[in-house]
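Structure assessment
Now for the letters of each chain:
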Amino acid sequence: MLIKTNNQGFVHTIPSEITPEATYQSRRSLIRLMAGGVAGAALASWAAREALAQDWAAPGQHPALARSKTSVAGALSLEKVTEYQHASTYNNFYEFGTDKADPAQNAHALKTSPWSVEIEGMIKKPGRYALEDLLKLSAQEERVYRLRCVEGWSMVIPWVGYSLSALIKKVEPLGGARYVEFVTLADPKTMPGVGSRVLDWPYVEGLRLDEAMHPLTLLAFGMYGEVLPKQNGAPLRLVVPWKYGFKSVKSLVKIRFTDKQPATAWNKAAANEYGFYSNVNPDVDHPRWSQATERRIGEDGLFARKRKTLLFNGYEAQVGQLYAGMDLKKFF
Ligand code: MTE
């Protein structure tokens, strides 16, 4: 195991190493259910468990509340997993409103079944892929990732899913494909925020193909060993842990392979504030605030210290080479 320490005494690890052995023992059975070839069985009880996950989203009821109090063992104790209650009630999902509490309050209207993802563009196997098939495509595993929001806060969340690369390989990109565009649901009937002019809906994001293929890029179906709560992007979302949170799109409905850099929703809204790359970078300030430090959700209070933000959110060893030779101030 490789542990890197910086001069603040913080310990960075590769994401898989943040997961404490003991913390999630009690829900290993569910992970196994989702991870094995029994994804179909997991899906059979999908609706039931989704209802359960929604119920548990009520503060104080989710078993993860108790479990997540366990700090990450030994030297990794600074990476305490964020409590489920915070991760599921302090959200950005503008389709359901711009207040952090809006998604948890409004997302119940989101209809997550049936669900499919249209995959198109420069690939050999375009088509509409049912959620059921996507769930079964690859073994799912739990990965604890930091998520750093561009607004200056962060969380540590145990996600459940598999590397997006498994899906990309399956649809066979053509030689000329260089970028991947991600489009999310924009349903004015169930999403009150879509009526607002904050963004040009639908919410669109993009990655370079090699970023999308990087093993850290996760297609997530669950968190804390349960199906994703709707406010966290059910039934499937991206998690790109070395980029600001807005690249991690929720409630994904379309993936398009292209040779041109996609026009993304936040970039269209304010190009000088939200670059295409949006790699977490303490040295590149947002025009309206510094990105040098962050507040870990759940560590609020008078004496809560701010944490230093790490280049690539601490995943430099894994992803740094993707940007070799690039001026990160220019390509922010
Ligand atoms: N995806 C959609 N469709 N709409 C959004 O508003 N917000 C993004 C991202 N994905 C957003 C989205 C932002 S700004 C962040 S920080 C993360 O979701 C937050 O994810 P979380 O609420 O699960 O922590």
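Residues numbered from 1 in each chain as written. Predicted model: local features only at pLDDT ≥ 70, side-chain atom pairs only at ≥ 80, totals over all residues. Heavy atoms only, no water.

1. Concerning the packing of aromatic side chains
For the record, the criterion: By convention, a stacked pair of Phe, Tyr or Trp rings (six-membered ring in the case of Trp) has centres within 6.5 Å and planes under 30 degrees apart, an edge-to-face pair has planes over 60 apart, and any other such pair is tilted. In our convention, an over-ring charge means Lys NZ or Arg CZ found within 6 Å of a ring centre and within 35 degrees of that ring's normal.
Tallied over the entire structure, the rule returns 14 aromatic pairs. Taken together, the ring pairs connect Y179, F276, Y277, F312, Y323 and F331 into an aromatic cluster. Sitting over the ring of Y90, K100 keeps its end group 5.9 Å from the ring centre.

2. Regarding unusual backbone geometry
Only a minority of non-glycine residues have a phi that is not negative, and only a minority of peptide bonds are not trans. To keep it simple, the criterion reads: Secondary structure counts use DSSP, requiring at least four H or I residues in a row for a helix and at least two E residues in a row for a strand, with both numbered from the N terminus. Relative accessible area decides the class of each residue, using a 1.4 Å probe on protein chains only: under 20% of the type maximum gives buried, over 50% gives exposed, and in between gives partly exposed.
Here the amide bond leading from S113 into P114 is cis, since omega sits at 0°, within 30 degrees of zero. Residue position: P114 is located in the loop between α7 (102-106) and β3 (116-121). For the peptide bond that leads from W201 to P202, omega is 0°, which places it in the cis range. Relative to the helices and strands, P202 resides in the loop between β7 (179-184) and β8 (204-208). Phi at Y224 takes a positive value of approximately 50°, unusual for a residue other than glycine. Note on placement: Y224 falls in the loop between β9 (218-223) and β10 (226-227). Residue Y224 is classed as buried on the basis of its relative accessible area of 0%. One non-glycine residue with positive phi stands out, namely S278, at about 50°. One can find S278 in the loop between α11 (265-269) and β13 (293-296). Using a relative accessible area of 4% as the deciding quantity, one classes S278 as buried.

3. A look at the site of the ligand
The criterion, for reference: Near residues are defined by distance, with any heavy atom within 4 Å of the molecule or strand qualifying the residue. Here a polar contact means two N or O atoms within 3.5 Å. Within protein one must be a hydrogen donor candidate and the other an acceptor candidate, and residues neighboring in sequence count only if both atoms are side-chain atoms. Where accessible areas are quoted, they stem from the Shrake-Rupley method and a 1.4 Å probe; at the residue level, only the protein chains shown are allowed to cover. Under the grouping applied here, Gly and all other residues not named as nonpolar or charged are polar, the nonpolar ones being Ala, Val, Leu, Ile, Met, Phe, Trp, Tyr, Cys and Pro and the charged ones Asp, Glu, Lys and Arg.
In the vicinity of the ligand lie 16 residues, with N91, Y94, E95, R237 and K250 positioned nearest. In the environment of the ligand, a nitrogen atom lies 3.2 Å from a nitrogen or oxygen atom belonging to the backbone of N92. Here an oxygen atom of the ligand and a backbone polar atom of Y94 are 2.8 Å apart. Burial of the ligand by the surrounding chains reaches 98%, relative to a free accessible area of 540 Å². Class assignment for the residues of the shell around the ligand results in seven nonpolar, six polar and three charged.

4. Concerning helix α9 (residues 164-171)
Cut-off, in case you're wondering: This arc corresponds to the set of directions leading from the helix axis out to the C-beta atoms.
Among all positions of α9, only L164, S165, L167, I168 and V171 are buried. Seen end-on, α9 carries its buried residues on one side only, within an arc spanning 160°.

5. Topic: the environment of G127
Rule in force here: Between two residues, a contact is recorded if the distance between any of their heavy atoms is within 4.5 Å.
Summarising the element assignment, G127 is placed in strand β4 (residues 127-130). Classification of G127 as buried rests on a relative accessible area of 19%. Here the alpha-carbon distance between G127 and V117, two residues 10 residues apart in the chain, equals 8.4 Å. In this structure, G127 is in contact with V117, E118 and I119, ignoring residues within four places of it in sequence.

6. Here we look at the sheet that holds β4
We apply this condition: For two strands to pair, DSSP has to find at least two bridges joining them. Here an axis means a line fitted to C-alpha atoms, over the contact stretch when the element is a helix, while the angle between two N-to-C directions is reported on a 0 to 180 degree scale.
Sheet architecture is open: five strands sit in the order β4-β3-β12-β7-β8, paired in mixed fashion. Every interior strand has two partners, whereas the edge strands, β4 and β8, have only one. Sheet twist, expressed as the average angle between the axes of neighbouring strands with direction ignored, equals 20°. Note: β3 against β4, four bridges, orientation antiparallel. Counted as the bridge partner of S116 is A130 from β4.

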